[in-house]
Amino acid sequence: MISISVDWTWTWWIVLVLAFDISVRILAVFIIPRNRRPTAAMAWLLAIYFIPVIGILLFLLIGNPRLPRKRRKEQEAINRAFREASEDLDFGTLRPDAPVWFEQLVGLNRKLGALPMAGDNGAQIISDYQGSLDTMAAEIDRASRYVHVEFYILQSDGATDEFFSALERATARGVTVRVLLDHWANRWKPNYKATISRLERMGAQWRLMLPVQPLKGKYQRPDLRNHRKLVVIDGVVGFIGSQNVTDRSYNLKTNLRRGLQWVDMMVRVDGPVVASLSAVFVSDWYGETGEVFAVESDFSTDAGTGDLDCQIVPSGPGFEYENNLKLFLSLIFAATRKIVMVSPYFVPDEGLLLAIQTACHRGVEVELFVSEEGDQAMVYHAQRSYYEQLLATGVKIWMYKKPYILHSKSMSIDDEVAVVGSSNMDMRSFGLNLEVTMLVRGAEFVDQLRNVEDLYRGMSRELTIEEWEKRPIRSVILDNLARLTSALQ
């Protein structure tokens, strides 16, 4: 007789591994699709099914697209407080004869983001990079009570020295200076330690936003970031836009080697809307410190230097819904003649892509400004994967010539309505970043934005469908692969 020996130890290990693998796959089907976009759910399921170990680890690390429950509850409480505080206040005189769709949009923004529409505002676009830094510094020099500064990236360097000097002069004369800067975005920048030291020396109150410091009990999904850029001075003047406080190269060796220079836009605002901008800072300060300070005097009804209707719309993983995406969709569907979008990172979801295509089919002229060269490889290739669909539908794509990175974020609708702010038109800005956007009604502001768009057009080249169809096969493969990974959120 032939004796067969079986190693039961290894057999049981194999059985256990198979049982674990099958259990994980079954659980994933129940857990992952819940309250998640179908494309995102499918991307996660494919990752877990085909590369299970890496897929599971990635999901545990970055699979939750929301801030911790405690932070979301704080945001809800803040929204209620701001809504109640501003409910009976008259925020300026609104422009007459607003379209019904615009009034509904304002109501939607108020419901989702809690902040009201305000009339009698002035808004001046600053499209010169160094000019915006210098203008902010000049306004800080006029501060008498406080200066609130909140930026995704904040670096003390040659380009921003006057900005920081203005903050130093402010603290020296007794002005309260509060500063918020994103932890992860700044932690690895060349001038991080020098920037923190300078804030300490001047006596500013500063905090890191969304810190990833597990040993200090501060942790959430590492790639949830506060991407907002704003300044509030005495509750009278504010700034909002896309620009970070840093050199145009971001002081990174790779950018310097490639000669990359950022192109940005900030908007100086005055009037009642500054109160809403202040509210965003107050909520973020509270979220990071638990501290509440009085800003009652910020709820001013004093008219600004213009007659614009403005509404601040905060968005991010602290809110239940994607406030910025709903704003963009509403505007695109409302357009009747022309849409101009400026977004350095353009990775739309299905709804946004369909809205743009539908606008083209309705006969609306649609233009999209992007950069010819990308600074982030995955996003750069992911957005390129949408160009063929857009071009085929009739979207005119303008590529801002390298070595410049067009970093401005804006949208203009017809001749009277526009949005500017920190939000890109990509799934990261819709679901993972804390963003802030300003909705503006007023032909005089749209005229300003049109002038900036003309400047961008003069620095860009138009991408044609014929050129795009001739791109090499390796680019097609890279673009499509990046498009798949972009859904992982």
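These remarks concern the structure in this document.

So, how was this worked out
- Going along each chain's sequence as written, the residues are numbered from 1 onward.
- Local features are withheld for residues below a pLDDT of 70 in this predicted model, meaning they are given only at 70 or higher, and side-chain atom pairs are given and counted only at 80 or more; totals for whole chains, interfaces and linings count all residues.
- Calculation of side-chain values draws on the structure's entire complement of heavy atoms; hydrogens and water are dropped beforehand.
- Secondary structure elements are defined from DSSP: runs of H or I of at least 4 residues count as helices, runs of E of at least 2 residues count as strands, and each element is numbered from the N terminus.
- Throughout this description, buried means an accessible area under 20% of the type-specific maximum (1.4 Å probe, protein chains only), exposed means over 50%, and partly exposed covers the range between.
- We call two residues in contact whenever any of their non-hydrogen atoms come within 4.5 Å of each other.
- All accessible areas in this document rest on Shrake-Rupley with a 1.4 Å probe, and a residue is counted as covered only by the protein chains that are shown.
- Here the aromatic set is Phe, Tyr and Trp, taking the six-membered ring for Trp, and pairing holds for ring centres within 6.5 Å; pairs whose planes are under 30 degrees apart are stacked, those over 60 apart are edge-to-face, and all others are tilted.
- Consider the ring centre and the ring normal. A charge sits over the ring if Lys NZ or Arg CZ is within 6 Å of that centre and within 35 degrees of that normal.
- Inter-axis angles, ranging from 0 to 180 degrees, are taken between N-to-C directions of lines fitted to C-alpha atoms, where helices are fitted over the stretch in contact.
- Angles below 35 degrees are treated as roughly parallel, those above 145 as roughly antiparallel, those between 65 and 115 as roughly perpendicular, and all remaining angles as oblique.
- Note that Gly is not counted as nonpolar here; it falls among the polar residues with everything else outside the nonpolar set of Ala, Val, Leu, Ile, Met, Phe, Trp, Tyr, Cys and Pro and the charged set of Asp, Glu, Lys and Arg.
- Within 3.5 Å is the distance limit for a polar contact, defined as a pair of N or O atoms, with the added protein rule that one can donate a hydrogen and the other accept it, and that residues adjacent in sequence qualify only through two side-chain atoms.
- The length a helix should cover is 1.5 Å for every residue beyond the first.
- The term salt bridge refers to a side-chain nitrogen of Lys or Arg lying within 4 Å of a carboxyl oxygen of Asp or Glu.
- Residues enter a nonpolar core if they are buried and are Ala, Val, Leu, Ile, Met, Phe, Trp, Tyr or Cys, with the set joined through side-chain atoms within 4.5 Å.
- Here a patch means residues that are over 30% exposed by relative accessible area and free of salt bridges, tied together within 9 Å if like-charged and within 5 Å if nonpolar (Val, Leu, Ile, Met, Phe, Trp, Tyr).

1. Some details on the overall build of the protein
Line of reasoning, step 1. If you tally the helices and strands in the protein, you get 19 helices and 20 strands.
Line of reasoning, step 2. Of all 489 residues assigned to the protein, the portion counted as buried reaches 58%.
Line of reasoning, step 3. When contacts within the protein are restricted to residue pairs at least 6 apart in sequence, those whose partners lie at least 24 apart make up 83%.
Line of reasoning, step 4. With the model as given, the accessible surface of the protein reaches about 21600 Å², and the carbon-plus-sulfur share is 59%.

2. Here's the deal with the packing of aromatic side chains
Line of reasoning, step 1. Following the criterion strictly, the structure yields twelve aromatic pairs and no others.
Line of reasoning, step 2. Site record: aromatic cluster; members linked through ring pairs are Phe369, Trp398, Tyr400, Tyr404 and Tyr456.
Line of reasoning, step 3. The ring of Phe102 has Arg441 lying over it, and the distance from NZ or CZ to the ring centre is 5.8 Å.

3. Re the packing of helix α6 (residues 129-140) against helix α7 (residues 161-172)
Line of reasoning, step 1. Two elements in contact, α6 and α7, have axes whose closest approach is 8 Å; the angle formed by their N-to-C orientations is 5°. By the angle between their axes, α6 is roughly parallel relative to α7. From α6, Leu133, Met136, Ala137 and Ile140 reach across to α7, where they touch Glu162, Phe163, Ala166, Leu167 and Ala170.
Line of reasoning, step 2. Tallied by class, the residues present in the contact of α6 with α7 amount to eight nonpolar, no polar and one charged.

4. Focus on the environment of Asn324
Line of reasoning, step 1. Structurally, Asn324 can be placed in helix α12 (residues 323-334).
Line of reasoning, step 2. C-alpha separation for the pair Asn324 and Gly113, spaced 211 residues apart in sequence, amounts to 9.6 Å.
Line of reasoning, step 3. With near-sequence residues (within four places) excluded, Asn324 lies in contact with Ser315, Ser423, Ser429, Phe430 and Glu435.
Line of reasoning, step 4. In this structure the side chain of Asn324 is engaged in a polar contact, spanning 3.0 Å, whose partner is the side chain of Ser423.
Line of reasoning, step 5. A distance of 2.9 Å separates a polar atom in the side chain of Asn324 from the backbone oxygen of Ser429.

5. Quick word on helix α5 (residues 100-113)
Line of reasoning, step 1. The terminal C-alpha atoms of α5 lie 20 Å apart, and with 14 residues this matches the ideal 20 Å at 1.5 Å per residue to within 8%.
Line of reasoning, step 2. Residue Ala114 follows α5 closely and has a positive phi angle near 80°.

6. Remarks on the pattern of salt bridges
Line of reasoning, step 1. One pass over the full model with this rule turns up 24 salt bridges.
Line of reasoning, step 2. Put simply, Asp479 and Arg384 hold a salt bridge, and the shortest N to O gap is 3.3 Å. On the criterion of sequence distance, the pair formed by Asp479 in helix α19 (residues 473-485) and Arg384 in helix α14 (residues 377-384) is long-range, its members being 95 residues apart.
Line of reasoning, step 3. Take Asp479: its relative accessible area is 1%, and that puts it in the buried class.
Line of reasoning, step 4. Overall, the relative accessible area of 10% leaves Arg384 in the buried class.
Line of reasoning, step 5. Among the charged side chains, a salt-bridge network with shared partners connects Glu139, Arg142, Arg268 and Asp270.

7. Focus on the nonpolar core
Across soluble globular proteins, you tend to see nonpolar side chains buried next to one another.
Line of reasoning, step 1. Counting 46 residues, the largest nonpolar core has Ile339, Met411 and Leu439 as the members making the most contacts within it.
Line of reasoning, step 2. If you look at the next biggest cluster of nonpolar residues, it comprises 44 residues, including Leu277, Val282, Val342 and Val452.

8. Notes on a nonpolar patch on the surface
Line of reasoning, step 1. Taken together, the side chains of Ile473, Ile477, Leu481 and Leu484 present a nonpolar region at the surface, about 430 Å² in accessible area.
Line of reasoning, step 2. Looking at where Leu481 falls in the secondary structure, it is placed in helix α19.

9. Observations concerning α6
Line of reasoning, step 1. With twelve residues, α6 should cover 16 Å at 1.5 Å per step; its first-to-last C-alpha distance of 17 Å lies within 8% of that length.
Line of reasoning, step 2. For α6, the full list of buried residues reads Tyr129, Gly131, Ser132, Leu133, Met136, Ala137, Glu139 and Ile140.
Line of reasoning, step 3. The N-capping residue of α6, defined by a side-chain oxygen 2.4 Å from the backbone nitrogen of Gly131, is Asp128.

10. Observations concerning the packing of α5 against α12
Line of reasoning, step 1. At their nearest, the axes of α5 and α12 sit 10 Å apart, and the two run at 175° to each other. By the angle class used here, α5 and α12 are roughly antiparallel. On α12, the residues touching Trp101, Leu105, Leu108, Asn109, Leu112 and Gly113 of α5 are Asn323, Lys326, Leu327, Ser330, Leu331 and Ala334.

11. Some words on the side chain of Arg450
Line of reasoning, step 1. By secondary structure assignment, the location of Arg450 is in helix α17 (residues 443-458).
Line of reasoning, step 2. Once residues lying within four places of it in the same chain are set aside, the contact partners of Arg450 are Lys338, Val340, Ser412, Ile413, Asp414 and Asp415.

12. Quick word on the side chain of Glu139
Line of reasoning, step 1. Within the fold, Glu139 resides in helix α6.
Line of reasoning, step 2. At 2.9 Å, the side chain of Glu139 and the side chain of Arg268 are in polar contact.

13. Remarks on the environment of Ala137
Line of reasoning, step 1. Take Ala137: it is sitting in helix α6.
Line of reasoning, step 2. The buried category is assigned to Ala137, whose relative accessible area is 1%.
Line of reasoning, step 3. Taking the C-alpha atoms as reference points, Ala137 and Leu167, separated by 30 residues in sequence, lie 7.8 Å from one another.
Line of reasoning, step 4. Here Ala137 is in contact with Glu162, Phe163 and Ala166, once residues within four sequence places are set aside.

Keep in mind these values describe shape, not function.
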